[in-house]
Each structure stands twice: as structure tokens, then as C-alpha cells.
Amino acid sequence: MDKELTKLSASRVKTLGECSWLYWSKYHLRLPDTTNSGALRGSVCHDLFELLTKPKWIHFAKEMHEADCDIEKFPLIKRFLRAKCHKYGLEMFEEDKKSKKTNIGLIYEMIKVGLEAGFFPEEHEEIIDSEYECDIIDEELEFRIVGFIDKILFDKKNESIFISDYKSSKQQFRGEDLESNLQAMMYILAAHFLKKAGKIPNFKKVIGRFIFLRFAKNPFQELEFTEEQIEGFRHYLSYVNTIISNFDEQDAKNDFALYDNARRWKCGAKSGWKCPFRDPFYYYRLFDKNKNIIKTVLEKDYLEKFQYSAIEENQSWEKLEYSGCPAHYGNTDFN
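Each chain has its residues counted from 1, running along the sequence as written. In keeping with the predicted nature of the model, local features appear solely for residues at pLDDT of at least 70, side-chain atom pairs appear and are counted solely at 80 or more, and the whole-chain, interface and lining totals rest on all residues. To obtain the side-chain values, all non-hydrogen atoms of the structure were included, while hydrogens and water were left out.

Caption draft 1: Inspection of the packing of helix H3 (residues 37-52) against helix H6 (residues 103-116) at higher detail. With their axes 10 Å apart at the nearest point, H3 and H6 run at an angle of 45° to one another. Overall, the two elements H3 and H6 adopt an arrangement that is oblique. When the axes of H3 and H6 are compared, the crossing they make is right-handed. Together, Ser37, Arg41, Gly42, Val44, Cys45, Leu48, Phe49 and Leu52 of H3 and Asn103, Leu106, Ile107, Met110, Ile111, Gly114 and Leu115 of H6 make up the contact between the two elements. Gly is placed with the polar residues, together with every amino acid not listed as nonpolar (Ala, Val, Leu, Ile, Met, Phe, Trp, Tyr, Cys and Pro) or charged (Asp, Glu, Lys and Arg). Of the residues belonging to the contact of H3 with H6, the class tally is ten nonpolar, four polar and one charged. As a rule, the C-alpha atoms of each element are fitted with a line to give its axis, helices using only the stretch in contact, and angles between N-to-C directions run from 0 to 180 degrees. In DSSP terms, a helix is any run of H or I states spanning at least four residues, a strand is any run of E spanning at least two, and both are numbered starting from the N terminus. The labels follow the angle: roughly parallel below 35 degrees, roughly antiparallel above 145, roughly perpendicular from 65 to 115, and oblique for the rest. By definition, any crossing whose near helix is turned counterclockwise from its far helix by less than a right angle is left-handed, and any crossing with a clockwise turn is right-handed. Whether two residues touch is decided by their heavy atoms; if any such pair falls within 4.5 Å, the residues are in contact.

Caption draft 2: Inspection of the environment of Ala190 at higher detail. Structurally, the position occupied by Ala190 is in helix H8 (residues 182-196). Considered as a pair, Ala190 and Ile137 are 53 residues apart in the sequence and their alpha carbons are 9.7 Å apart. Residues in contact with Ala190, not counting those within four places in the same chain, are Cys134, Ile136 and Ile145.

Caption draft 3: Spatial organisation of the side chain of Ser238. With respect to the secondary-structure elements, Ser238 resides in helix H9 (residues 227-245). The buried label applies to any residue whose accessible area, calculated with a 1.4 Å probe on protein chains only, is under 20% of its type's maximum; exposed applies above 50%, and partly exposed to all values in between. According to the relative accessible area criterion, Ser238 is buried, its value standing at 17%. Ignoring anything within four residues of it in the chain, the contact list for Ser238 reads Leu141 and Phe143.

Caption draft 4: Inspection of a nonpolar patch on the surface at higher detail. Patch membership requires over 30% relative accessible area and the absence of a salt bridge. Like charges are linked within 9 Å, and nonpolar side chains (Val, Leu, Ile, Met, Phe, Trp, Tyr) within 5 Å. Shrake-Rupley sampling with a 1.4 Å probe provides the accessible areas, and residues are treated as covered by the protein chains on show and by no other component. Basic side-chain nitrogens of Lys or Arg form a salt bridge, by our definition, when they fall within 4 Å of a carboxyl oxygen of Asp or Glu. Taken together, the side chains of Tyr236, Tyr239 and Ile243 make up a nonpolar region of the molecular surface, amounting to roughly 290 Å² of accessible area. The residue Ile243 is located in helix H9 in this model.

Caption draft 5: Local environment of the sheet that holds strand S7 (residues 281-287). Any two strands between which DSSP finds at least two bridges are classified as paired. Strand order in the open sheet made by the three strands is S8-S7-S9, with antiparallel pairing throughout. A strand with exactly one partner marks an edge of an open sheet, and here the two such strands are strand S8 (293-298) and strand S9 (316-322). Along the sheet, successive strands turn relative to each other by an average axial angle of 25°, direction set aside. As defined by bridge partners, S7 adjoins S9 across seven bridges and the pair is classed as antiparallel.

Caption draft 6: Local environment of the confidence of the model for the protein chain. The score called pLDDT rates the predictor's confidence residue by residue, from a low of 0 to a high of 100. Residues at a pLDDT of 70 or more form 98% of the protein chain, whose mean pLDDT is 92. Helix H2 (residues 20-27) holds the highest mean pLDDT among the elements of the protein chain, 97, whereas helix H7 (residues 176-179) holds the lowest, 80.

If you want it as C-alpha cells, here you go:
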């Protein structure tokens, strides 16, 4: 295969289907996006679960579980969580508007759910890998899939593979997001490739398992797909790869969510939420000496966090203006 294939993640494929301009803004213009507290809380939990699966730290997971996850009894874990909150810019004691609980309080609750929801394998189960970095090329249909799998578990009794993923969202999947979940299909497809490569045990079936850390009573949602469905998904990814490989500015304006009644809510909702790329804003790009983009940040973040931070000699910041989504502002300004 001569050409380098675009890395297809579940989120990238999903974004393309949501809005052409949203896709262009994220993956071509590489505009900075705001990150909400819920996603940051999830990142903190992910980092802790990754740590607790390591041989040196697994005893902490067991002790925390036995102590009903009273993290106040574990100063080292508290320091780890505090450091991660600082790294992600998450205010530990900021209150969530809906639950009226602090970020750190919600993180404690989610950790408890995660430790109780199949974190420790049963006697007939084996953890094959955790935080597995998936990077697979389909030579026949010419596409490449990437992503991180939180946990690969093998049920020896039923000869089943569980591909597990932790979720910190306030809602579980429903409707189309549940029945034809892109992430589940992509990870199940990856499991078939890994089996062929001899990297995981032979299995009779593979199950995508989502663990929702905000749902203590019923955290699991599980999905299975037939071999025919997965084969069809392979061809779909090949088709998506063709579109993405040739995506240009005109394509970015061909499928606005605003012009589709079923998707126009993605521009903004009554709650006050709106697409981060709908309205104009100023932002900064950090370039290397060859004008390759290293990162982009919102003006507010630049002034608060990066303005006086040291950068390498061959790097430079540049202030730019984004003129807003053309569907809303009728512009064609591509900075």
C-alpha cells in the first residue's frame, strides 16, 4: 500500500456524519474546542483505572474496594487525583449544576462504580490487556482504525471476549446510538483482527461492553453484532475513508447540520448549549519552524495559561480570527 491511510477513530467517523462543517473545523482547521467538566472528570477516572491495573498498584484497588471506596483513607490516591485535576484544569470543588455535587465528589462516586462493575475478574475470566492502543490496517479494503480500548477481558467458560469502555456521560446510549454504536462496532471489528493476528484468544463471540460510571444501579450496556454486520461495517469504513481522504473546503459546506431537521439541534439547544464552532472567536496557534501546527487554544486559555509559558526556539504563537460557521454567518473565511 503506497499511500498513508487516514486514522479513523469512532469519534472521527461519527463527527463526519453529524455535520460536514463540524468535521472540517475539528480535523482540518483544527480549531480549539471547549472541554466540559464531565469529560474532564472522565479523564481523571480513566487515568486512575489505568494505574490501578498495574501490578504495583492493584493492591490499592483491592483495598479501596474492601473499604467501600472511602478514598479519604488513601492519601496517595488522593494526591494522584489532585494532580490529575490540576493537569486537566478541573476545579475540584466546583459544583455540577444539575447534581449540586463537587467535581471531586462525583469522581469519588464514579471510581466506586468502576471498582464494583467488573473491575476484578472472576475465576473463569482473564484480563488480556488494559488501555490497549489499537492501530489496525485493513489491507484488503484499505482503511485504518485507531483508538484506545479500556479493557479486553476473556471469559474462558463461555469463550467470549468483552471489549470494555468506561463512560462518564450523564446519559446512557439509546436509539440509534445504542443499536448501531460506532465505537462498539469498531472495537468488535478490531477484536476480529486481533484474533487473526493471534494477539487475543480464539472466541466464539465478542461483546462490546460500556460501563457508565454515573449509573451505580445499572452501569452496563452491552452490544453484539453478527459477522455479516461487521463485514458490512468494514465496507462502510472503506467508503468513509474514501470521503475523508479527499475532503476539501467545498465538501465542508455540502452537509451542514443546520439544513437537516433531524440534525439541526446540533447547532444549538434550548438549554443554552451550542456547537463550539458556530460563532466567531479569536484563537492562537502554536507553530513549529516549518509552520506545522503543534496546538491551538482559545484566546482565553492562551492569556491565562500559555502566554508566558516557555516554548522552544523554533516555535511561535500566532493569533487568528475564526469567522464562524458559514451556514450561520454566510462567510468563507478559512484561516
